Amino acid sequence: MLKRLAISNYALIDNLDISFSDELNILTGETGAGKSIVLGALSLILGQRAEGKYFFNQQKKCVIEGTFLVKSFHLNDFFKENDLDYVPETVLRREISSDGKSRAFINDTPVNLATLKKLGEQLIDIHSQHATLEINNEDFQLLVIDTIADNRAVLENYNSTYKTYRHAQKTLKELISQSEQSKSDLDYFQFQFDELEKANLSEDEQGQLEQEQNALTHAEEIKRSLISAIGILNEQDSAVITKLKEAATSLGNAERYNPEIKDLHERLNSSLIEVKDILSEIERIEQYSSVDESRLEEVNQRLDLLYSLQKKHRVNTNPELITLRDQLSDKLNSILFADEDIEKLRQELDNIYAKLLDFSEQLHQSRMASIPHVEQSVKATLHEVGMPNAVLQISNERLPEGKFELNGTDQIKFLFTANKGQVPLPMNKVASGGELSRLMLSIKSLIAVHTALPTIIFDEIDTGISGEVALKVGNIMEKLSENMQVIAITHLPQIAARGNAHYTVYKDEKSDITHTNIRRIGSDERVMELAKMLSGNNPGESAILNARELLN
């Protein structure tokens, strides 16, 4: 329940701090005094988006803080799931800076707006005069039945299974489409794979072949160069090896007279040995070097094949062709085994369908069992609020076999008539504003008994009612407050008189700037407040007596 609400720098409010009763709280005030401003501030800490300018003083930030008693409402899991400190007195805070930036906190821990809203939905239900329109919404009507039937657990199971079912349906459809497309491409994929497989590719082959091709293409030039080198080294009159031998002999003679020459002589002998070894290698290579047109043609054909495959598949190397071949192999395997995968998924889908059918049947039976209770309970409450001939008739048509929606296979419709002898019709066709208000109050009071919602706020839902009916509506709210905190914003003295705590919202225009304020009023002030609501700002003795009677 809402224990305390503090508002700073919001609209016409400079600073406001108010504590609430845990029963029926009444807020009254003249039109334009600022009751909707207080409710708007409360909406911000319940997760409503900040839109427009909210500031009483543009130089300061707007801060709204609400203290809630949450000990008895089983919210421990919510705090644990969102990594928040659980405190029996939980504080929700919203700060909006003058540049429009907004921050939200739960027990001083920063949270996003979605988390704040999710907690707010479990703390307070705000019902305004405009919210009566939602009674025509089929989702709301279904929610009413599910709440009374206590279908939360089975509905969660159904929702989860439904999402799994839809995902499996989508996956199967895609798999069948892919399979059909792949089968049409099977011959093409097989041809490409066979072509690459037949090529017997290896990663290093291309580089080796290109090197061999270069050697074979220039074989004659290579052989001429090798022969020339052999002649220079050993066969001509001035052959290098001959000259090196002569030089070595000369150094051998000279080293007898100069020890320094010995080292040079040894180095020259080593060079001579190296040159002879090089000559031997050159002679070996020259011996086997020849123009092999047959091998060159073979190498050229192989390279042409590799280049052709690379161009065809828009790649540049053999490793890329090998990767493509392996991918084609995987595609072929997936096509060959696609039917098995499809059949397996079909069996899985059948199992999910059976579960979904079972949950939908549980929901249907539970809803059908709850409908008479809802009809009778609402009828009884409507009778209490001056509509003795009113009838709420709830129809439930199931979807065609095999068709499912997010919340089951039931199509709930609320039909209503306020008059004897008339056929119940959709409410937007037959119910007036006052009738809709009382009908919504009857439904909300029934829901409240079946939920653990701590607080409900009625924002001027008394539109279109007065007199004895207003008294009865006040009695319903008072009875409702026995199980939960109720906050009612009203213009009707009959409802205001039923409150355990009464607050007046007023404008303070004593200073240069108009302020909206709120304060709790005592018994004598309540008499005058109700008297003013009955007859205006200057109530007579009869209005005051009437106000006392209402309070008593």
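Residues numbered from 1 in each chain as written. Predicted model: local features only at pLDDT ≥ 70, side-chain atom pairs only at ≥ 80, totals over all residues. Heavy atoms only, no water.

1. Regarding the overall build of the protein
Piece 1. In terms of helices and strands, the protein carries 18 helices and 15 strands.
Piece 2. For 552 residues, the compact-globule formula gives about 24 Å, and the C-alpha radius of gyration of the protein, at 47 Å, lies well above that figure.
Piece 3. For the protein, the spread of C-alpha atoms along the three principal axes comes to 150 × 70 × 35 Å.
Piece 4. The positive charge centre, built from 60 side chains, and the negative charge centre, built from 86, are 7 Å apart in the protein. (Helix = DSSP H or I, 4+ residues; strand = E, 2+ residues; numbered from the N terminus. Rg over C-alpha atoms; globule rule 2.2 N^0.38 Å. Lys, Arg positive; Asp, Glu negative; His and termini not counted. Charge placed at Lys NZ, Arg CZ, Asp CG, Glu CD.)

2. Considerations on the sheet that holds strand 2 (residues 13-19)
Piece 1. Taken in spatial order, the 6 strands of this open sheet run 2-1-4-5-6-7, and their pairing is antiparallel. Two strands in the sheet have a free side with no partner beyond their single neighbour: strand 2 and strand 7 (109-111). Strand-to-strand, the axes of this sheet are offset by a mean angle of 15°, without reference to chain direction.
Piece 2. Here strand 1 (residues 2-10) pairs with strand 4 (residues 62-69) via 6 bridges, running antiparallel. Bridge pairing in strand 4 links Ile 7 to Ile 64.
Piece 3. Sheet strands touched by helix 3 (residues 113-121): strand 5 (89-96), strand 6 (102-106) and strand 7. Its angle to strand 6, the strand with the most contacts, is close to 50°. (Pairing = 2+ DSSP bridges. Axes fitted to C-alpha atoms, helices over the stretch in contact; angles between N-to-C directions. Contact = heavy atoms within 4.5 Å.)

3. Some words on the environment of Asn 151
Piece 1. Relative to the assigned elements, Asn 151 resides in the loop between helix 4 (138-149) and helix 5 (152-184).
Piece 2. Taking the C-alpha atoms as reference, Asn 151 lies 8.3 Å from Arg 367; in sequence the two are 216 residues apart.
Piece 3. In contact with Asn 151, not counting residues within four places along its chain, are Asp 146, Leu 363, Ser 366 and Arg 367.
Piece 4. A distance of 2.6 Å separates polar atoms of two side chains, one belonging to Asn 151 and the other to Ser 366. (Polar contact = N/O pair within 3.5 Å; in protein donor to acceptor, adjacent residues only side chain to side chain.)

4. Regarding helix 15 (residues 467-480)
Piece 1. The end-to-end C-alpha distance of helix 15, which contains 14 residues, comes to 20 Å, matching closely the 20 Å that a straight helix rising 1.5 Å per residue would cover.
Piece 2. For helix 15, the elements touching its buried residues are strand 3 (24-28), helix 12 (318-384), helix 14 (433-450), strand 12 (455-459), strand 13 (485-489) and helix 16 (493-496). (Expected span 1.5 Å × (residues − 1).)

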